[in-house]
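A closer look at the structure
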Amino acid sequence: KYEKIWLTFGIGSLVVFLLILGYGAFWKGTHPQSHGVTIDPNNIQAYEDFKPENLGLTKVDDNQYVVNLIASAFNYDFGKDDDGAPVKHIRIPAGSNVLFQVTTPDVVHGFNVAGTNVNMMVEPGYISQLETVLKKPGIYTIVCNEYCGVGHHMMYATLEVY
Ligand code: CUA
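Residues numbered from 1 in each chain as written. Predicted model: local features only at pLDDT ≥ 70, side-chain atom pairs only at ≥ 80, totals over all residues. Heavy atoms only, no water.

What follows covers the overall build of the protein. Summing up its helical and strand segments, the protein has one helix and 10 strands in all. Mapped from its N terminus to its C terminus, the protein presents α and β elements in the order α-β-β-β-β-β-β-β-β-β-β. Viewed in the frame of its principal axes, the protein has a C-alpha envelope of about 75 × 35 × 30 Å. Burial statistics for the protein: of 162 residues in total, 37% are counted as buried. Partitioning the intrachain contacts of the protein with sequence separation of at least 6 by distance along the chain shows that 61% fall at a separation of at least 24. If you sum the accessible surface of the protein, you get close to 9,600 Å²; carbon and sulfur atoms cover 59% of it. Seen as two clouds, the 10 positive and the 16 negative side-chain charges of the protein have centres 14 Å apart. (Helix = DSSP H or I, 4+ residues; strand = E, 2+ residues; numbered from the N terminus. Buried < 20%, exposed > 50% of the residue type's maximum accessible area, 1.4 Å probe, protein only. Contact = heavy atoms within 4.5 Å. Areas by Shrake-Rupley, 256 points an atom, 1.4 Å probe, with all protein chains shown as cover. Lys, Arg positive; Asp, Glu negative; His and termini not counted. Charge placed at Lys NZ, Arg CZ, Asp CG, Glu CD.)

Here you go:
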């Protein structure tokens, strides 16, 4: 009789554990997103979203934004500003819907907007996509959380929600 109770408890715990694992994998971005979208890592610019003029923040509709960028050793390329300087700071109005699209020509990188649910693995040959609503105003640090070489710690940018 007691064995039966323990067996039920054991299986129950296992199910709970798997559910938590599944939740972590699918909702917290511990796995690469959108593996269905493939891209030639040697010719990223053949893809419209990653042409130099389409990098960075684009407003596509009311309250609807897209951020395209290329991660590479050891830089996040958000395109250039009007003065020709590399963009390292992105500003998005609070409460708007944002789609992040990231790819890389070289090795595995991370794209993590610290303190938010935006946390992706970026792999050559794939476009990592994540759509979210950033509600809380503030300045967030964008970091690479996959070790990618000697300049790993230099992959850095900021995102401002205002
Ligand atoms: Cu890129 Cu670490």
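Before going further, it helps to examine the confidence of the model for the protein. A low pLDDT means the predicted coordinates there should not be read in detail. In the predicted model, the protein carries a mean pLDDT of 90, and 91% of its residues have values of at least 70. Ranking the helices and strands of the protein by mean pLDDT puts strand β9 (residues 138-143) first, with 98, and helix α1 (residues 2-27) last, with 77. Here residues 28-32 is modelled with pLDDT under 50, and outside its nearest four sequence neighbours on either side it reaches nine contacts, counting other chains as well. (pLDDT = per-residue confidence, 0-100.)

With that out of the way, let us pick up the environment of I20. Structurally, I20 is set in helix α1. I20 sits in the exposed class, given a relative accessible area of 54%. A sequence separation of 71 residues divides I20 from R91, and the C-alpha atoms of the two residues are 34 Å apart.

Relative to the assigned elements, Y126 resides in the loop between β7 (119-122) and β8 (128-133). With 88 residues separating them along the chain, Y126 and T38 place their C-alpha atoms 4.4 Å apart.

Taken as a whole, the second largest pocket holds about 150 Å³ of empty space. Grouping the amino acids of the lining of the second largest pocket by side-chain chemistry returns seven nonpolar, three polar and four charged. (1 Å grid on protein atoms, 1.4 Å probe; cavity = no way out; pocket = protein on both sides within 12 Å on 5 of 7 lines; lining within 4 Å. Points joined across faces, edges and corners; volume = space filled by probe spheres on them. Nonpolar A, V, L, I, M, F, W, Y, C, P; charged D, E, K, R; others polar.)

Take the sheet that holds strand β6 (residues 109-113) next. An order of β4-β10-β9-β6-β7 is seen for the five strands of this open sheet, with the pairing classed as mixed. Edge positions in the sheet fall to β4 (89-92) and β7, since each of these pairs with one other strand and no more. Here the strands of the sheet are splayed against their neighbours by 20° on average, with no regard to which way each runs. Where β4 and strand β10 (residues 156-161) come together, four bridges link them in parallel fashion. Directly across from I90, in β10, lies its bridge partner L159. (Pairing = 2+ DSSP bridges. Axes fitted to C-alpha atoms, helices over the stretch in contact; angles between N-to-C directions.)

Generally speaking, nonpolar side chains in soluble globular proteins are found buried as a group. With 27 residues, the main nonpolar core has V67, Y76, F78, F100, F111, I142 and L159 as its most contacted residues. When residues of this core are assigned to their parent elements, the largest contribution, four residues, is made by strand β2 (residues 64-72). Residues in contact with Y76, not counting those within four places in the same chain, are L69, I70, A71, K88, G110, F111, I142, V143, C144, M155, Y156 and A157. Counting six residues, the second largest nonpolar core, distinct from the first, contains I44, F50, L55 and I127. (Core = buried A, V, L, I, M, F, W, Y, C linked by side-chain atoms within 4.5 Å.)

Attention now moves to the domain arrangement of the protein. Interface size is commonly expressed as the accessible area that is lost once the parts come together. The domain boundaries assigned to the protein delineate domain 1 (1-31) and domain 2 (33-161). Summarising the inter-unit geometry, the C-alpha centres of domain 1 and domain 2 are found 34 Å apart. (Domains from an automatic or database assignment.)

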